[in-house]
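# Structural features, examined
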Amino acid sequence: MKKDKVVAIIPARMGASRFPGKPLAKILGLPMIEHVRRRVELSEAVDEVYVATCDQEIYDVVAAHGGKPVMTRADHERCTDRVEEAAHGIDLDIAVVVQGDEPLFEPHILEDLVAPLIADPSIPCSNLISVIRDEKDLLDEDIVKTVLDEAGFVMCYSRAPLPFLRVRQGCPMYRQTGVSAFRKSFLHTYSALPPTALEIAESVDFLRIVGHRHPVKAVVYDATTQGVDRPKDVALVEAALEKDPVQSELFKRISQS
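Throughout what follows, the structure given in this document is the object of discussion. In this text the structure is predicted, and so the values were computed from the model without any measurement.

### Overview of the layout of surface pockets
Looking at the largest pocket, its volume works out to about 1,000 Å³. Arg-18, Cys-79, Gln-99, Asp-101 and Arg-159 are the residues nearest the centre of the largest pocket, which is lined by 39 residues in total. Secondary-structure elements contributing two or more residues to the lining of the largest pocket are β1 (6-12), α3 (79-87) and β10 (174-183). Of all the elements, β10 adds the most residues to the lining of the largest pocket, at six residues.

### So, the environment of Ala-87
Residue position: Ala-87 is located in helix α3. For the pair formed by Ala-87 and Lys-184, sequence separation is 97 residues and the distance between their alpha carbons is 7.5 Å. For Ala-87, the contacting residues outside a window of four places in its chain are Ile-9, Leu-92, Lys-184, Leu-187 and His-188.

### Concerning the side chain of Arg-82
As for its position among the elements, Arg-82 is in helix α3. We note that Arg-82 is buried and unpaired, the nearest opposite charge coming from Glu-85 at a distance of 5.8 Å. Side-chain polar atoms of Arg-82 contact the side chain of Thr-72, separated by 2.9 Å. The contacts of Arg-82, once residues within four sequence positions are left out, are Pro-11, Ala-12, Arg-13, Ala-52, Thr-53, Cys-54, Thr-72, Arg-73 and His-76.

### Here we look at empty space enclosed by the protein
Inspection of every chain in the model, using the stated rule, returns one cavity of 30 Å³ or more. Of the pockets and cavities examined, the largest cavity occupies roughly 30 Å³. If you trace the largest cavity, you find it lined by Glu-102, Leu-104, Phe-105, Ile-109, Leu-128, Thr-177, Val-179 and Thr-225. The class makeup of the residues in the lining of the largest cavity is five nonpolar, two polar and one charged.

### Side note on the pattern of salt bridges
Think of it this way: side chains of opposite charge can pair up when their charged atoms draw near. Considering all chains together, one arrives at 18 salt bridges under this definition. For Asp-222, the salt bridge is made with Arg-133, and the minimal N-O distance between the two is 3.1 Å. Taken together, the residues span a long stretch of sequence, with Asp-222 in the loop between β11 (217-221) and α8 (233-243) and Arg-133 in the loop between β7 (125-131) and β8 (145-148) at a distance of 89 residues. Asp-222 gets classed as exposed once you look at its relative accessible area, which sits at 58%. We classify Arg-133 as exposed; its relative accessible area is 54%. Its salt-bridge partner being Arg-230, residue Asp-142 comes within 2.7 Å of it at the nearest N-O pair. Of the two residues, Asp-142 is situated in the loop between β7 and β8 and Arg-230 in the loop between β11 and α8; the sequence distance between them amounts to 88 residues. Here Asp-142 falls in the buried class, since its relative accessible area comes to 12%. Through salt bridges with shared partners, a single network forms among Arg-78, Asp-81, Glu-199, Asp-205 and Arg-208.

### Some details on the environment of Arg-78
When you line up the elements, Arg-78 lands in the loop between β5 (69-71) and α3. Separated by 40 residues in sequence, Arg-78 and Ile-118 place their C-alpha atoms 26 Å apart. Separated by 3.1 Å, the side chains of Arg-78 and Glu-199 make a polar contact.

### Considerations on the packing of aromatic side chains
Under the criterion given, the structure shown has four aromatic pairs. Centroid distance Phe-182 to Phe-186: 6.2 Å. Interplanar angle 15°. Geometry classified as stacked. Just as Phe-182 is buried, Phe-186 falls in that class too. Plain terms: the ring middles of Phe-182 and Phe-206 are 5.7 Å apart, the flat faces sit at 65° to each other, and that makes the pair edge-to-face. Separated by 24 residues along the polypeptide, Phe-182 in strand β10 and Phe-206 in the loop between α6 (197-202) and α7 (207-211) bring together distant segments of the chain. On the accessibility criterion, Phe-182 (0% relative accessible area) is buried.

Rules and cut-offs
- Residues numbered from 1 in each chain as written.
- Predicted model: local features only at pLDDT ≥ 70, side-chain atom pairs only at ≥ 80, totals over all residues.
- Heavy atoms only, no water.
- 1 Å grid on protein atoms, 1.4 Å probe; cavity = no way out; pocket = protein on both sides within 12 Å on 5 of 7 lines; lining within 4 Å.
- Points joined across faces, edges and corners; volume = space filled by probe spheres on them.
- Helix = DSSP H or I, 4+ residues; strand = E, 2+ residues; numbered from the N terminus.
- Contact = heavy atoms within 4.5 Å.
- Buried < 20%, exposed > 50% of the residue type's maximum accessible area, 1.4 Å probe, protein only.
- Lys, Arg positive; Asp, Glu negative; His and termini not counted.
- Salt bridge = Lys/Arg side-chain N within 4 Å of Asp/Glu carboxyl O.
- Polar contact = N/O pair within 3.5 Å; in protein donor to acceptor, adjacent residues only side chain to side chain.
- Nonpolar A, V, L, I, M, F, W, Y, C, P; charged D, E, K, R; others polar.
- Phe/Tyr/Trp six-rings, centres within 6.5 Å; stacked < 30°, edge-to-face > 60°.

Structure, rendered in structure tokens:
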């Protein structure tokens, strides 16, 4: 039986509205896109790693560090559409999408992310979900919250507080991370779907998937994650890299690559 080829594609662009130039922001001296790319390359679940971008600056930095950049169109509204364009020219069965603003993700989690797709051909995509431990995070519009059904599939995403804790009885709270996996065939199907009103209103790509009633398997990561949405988040990431033993070791490993 042929083994699925798993390829990671990292979408990155300079024009992020909340943090222009974010992929090349220096984190302890290394551009953020390189933190992410090098961590992905540490994963045993991934066969190849590409960076999909529409910006020459990002292309040149990735190439200069020995990575594999792919140039895409500049008119994509959603990062998953950028990945879908890049995937047309890459030999793969499963596309792992890691946002370029997730410099603290742990490479081993990609094995858990792709496992449902490898085990069950009926599952078209999966999304890494991390635990929210502080209720105040429910009010942060930069954090996309999600709720799951009893089988572990995503019911909804929102930047609004979700769930609303009218009764506090240990209801799990989750946030979406920028890490997901798609079968190549479904990635093309997804990109061809018309955007939904809710997707546009919330600016959350995956609302297009659930809005058209396609299943998203949640893979729960039992830890709090820290993405980079705004310039102030860089200091939080640097603190984690310096003080957290796991993060510090990972930073040491990618610094040597």
